[in-house]
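Tertiary structure, described
As a plain string of letters, each chain reads:
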Amino acid sequence: MIRLSIPLRQALSRLSLPVLIAVAFGTMLLGKADALLAERARTALADALMPFYAAFAEPAHAVRDAVEELEQLFVMREENARLREENERLRRWQAAALSLEAENAMLRRQLAFVPERAPAYQTARVVADGGGVYARAVLLSVPPEMQVRRGQIALDERGFVGRVTEVGNRSARVLLATDMNSRIPVTLEGSRARAMMVGTNGARPRLQHWAEGSRPAEGERIVTSAEGVAFPAGLPIGVVRWTESGTAEVELFARLDRLDVVRLFDFGLGGILPPEAVARPEPRGRR
């Protein structure tokens, strides 16, 4: 080991920073003066350092994978505990559902209940969003042999989506429940009170016009109402969510932002008209 005197070491420590700055500026000027030479130097340096990068990358990747796996283990442990609790809760609900199903079957036999005919439905694929005269609508691909008419109800695997408002030879347009032209009569499942769900062009429609004394409760389920013979009763829509400003909104069950396939149900109802078909009063003439 070479021993240096203290004054020499102090001089070298003072000169190291200015020398490095000068080298950096010199490299920058050289790169500006001859870009091709700088590119070749960078390429040669990268080629020379590549084996070292590869050698250091393997342990780094191994450490990163080990840390991610450890994090996943903690997440899986928490999720496992949550799933066990949820599974236990579902077992209790299953027991209650089986008991209610047996009681319902017994009551139907005693009352000689005749069940309603299951509505017919057809499945169509969503091919486009928006367009037309509506801000929140989807376009469906409909084969010529598929009989689709205005007023049919569109649902996904979770709940209510909207209604058919336009039908062509190979396409149909569904007005979503979130569109500002959408007006859906609904029932508050807990209190059985009636209300109107109005679209806002946002993610959540609003609840309006409920009866006095039947304020919607947070988390209360919303289903369609048969008022006006426009929709069948009991189709699941969503749950009530109150905003900080005191507005009752509906968090929809349906995933309207991820619609791929919808089912079109024909309940045989004729009370639905597209908004443009509603007659508007003629303007009065001036006297």
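No experiment lies behind these values; they were computed from the predicted model shown. (Residues numbered from 1 in each chain as written. Predicted model: local features only at pLDDT ≥ 70, side-chain atom pairs only at ≥ 80, totals over all residues. Heavy atoms only, no water.)

What about the overall build of the protein?
Across its full length, the protein carries two helices and 12 strands. Tracing the protein from N to C terminus, the helices and strands come up as α-α-β-β-β-β-β-β-β-β-β-β-β-β. Residue burial in the protein is summarised as follows: out of 287 residues, 25% are buried. Taking all contacts inside the protein whose residues are at least 6 apart in sequence as the whole, residues at least 24 apart take part in 55%. When the accessible surface of the protein is totalled, it reaches about 20800 Å², and 57% of it is carbon and sulfur. (Helix = DSSP H or I, 4+ residues; strand = E, 2+ residues; numbered from the N terminus. Buried < 20%, exposed > 50% of the residue type's maximum accessible area, 1.4 Å probe, protein only. Contact = heavy atoms within 4.5 Å. Areas by Shrake-Rupley, 256 points an atom, 1.4 Å probe, with all protein chains shown as cover.)

Notes on the sheet that holds strand E2 (residues 137–141)
Strand order in the closed barrel made by the six strands is E1-E2-E5-E4-E3-E12, with antiparallel pairing throughout. Along the sheet, successive strands turn relative to each other by an average axial angle of 45°, direction set aside. Note that strand E3 (residues 153–155) and strand E12 (residues 261–266) share three bridges and pair antiparallel. The partner of Leu-155 across the bridge, within E12, is Arg-263. (Pairing = 2+ DSSP bridges. Axes fitted to C-alpha atoms, helices over the stretch in contact; angles between N-to-C directions.)

Things to note about a negative patch on the surface
Residues Asp-65, Glu-68, Glu-69 and Glu-71 make up a contiguous surface patch of negative charge. Relative to the helices and strands, Asp-65 resides in helix H2 (residues 35–111). (Patch = residues over 30% accessible without salt bridge, like charges linked within 9 Å, V, L, I, M, F, W, Y side chains within 5 Å. Salt bridge = Lys/Arg side-chain N within 4 Å of Asp/Glu carboxyl O. Lys, Arg positive; Asp, Glu negative; His and termini not counted. Charge placed at Lys NZ, Arg CZ, Asp CG, Glu CD.)

Section: unusual backbone geometry
Positive phi, normally seen in glycine, also occurs at Asn-201, with a value near 70°. A positive phi angle is found at His-209, which is not glycine, with a value near 60°. With respect to the element layout, His-209 can be found in the loop between strand E8 (206–208) and strand E9 (221–224). You can call His-209 exposed: its relative accessible area is 64%.

Quick notes on the confidence of the model for the protein
Averaged over every residue, the pLDDT of the protein is 83; residues scoring 70 or more account for 85%. Residue range residues 278–282 is modelled with pLDDT below 50. Its contacts to residues more than four positions away, or to other chains, number one contact. (pLDDT = per-residue confidence, 0-100.)

A word on the pairing of E2
Bridging between strand E1 (residues 120–129) and E2 involves four bridges; their strand directions are antiparallel. Residue pairing in the sheet places Arg-125 in a bridge with Ser-141 of E2. In this sheet, strand E5 (residues 171–176) lies alongside E2 in antiparallel orientation, the contact comprising five bridges. By the bridge assignment, Ala-137 is partnered in E5 with Leu-175.

Some details on the pattern of salt bridges
If you walk through the whole model with that rule in mind, you get 11 salt bridges. In this structure, Arg-221 and Glu-189 form a salt bridge, with 2.5 Å as the shortest nitrogen-oxygen distance. Of this pair, Arg-221 sits in strand E9 while Glu-189 is found in the loop between strand E6 (183–188) and strand E7 (194–198), placing the two residues 32 residues apart along the sequence. Classification of Arg-221 as partly exposed rests on a relative accessible area of 34%. Given a relative accessible area of 32%, Glu-189 falls into the partly exposed group. The closest approach of N and O atoms between Arg-255 and Asp-257, which form a salt bridge, is 4.0 Å. Connected via shared salt-bridge partners are Arg-204, Glu-218, Arg-241 and Glu-251.

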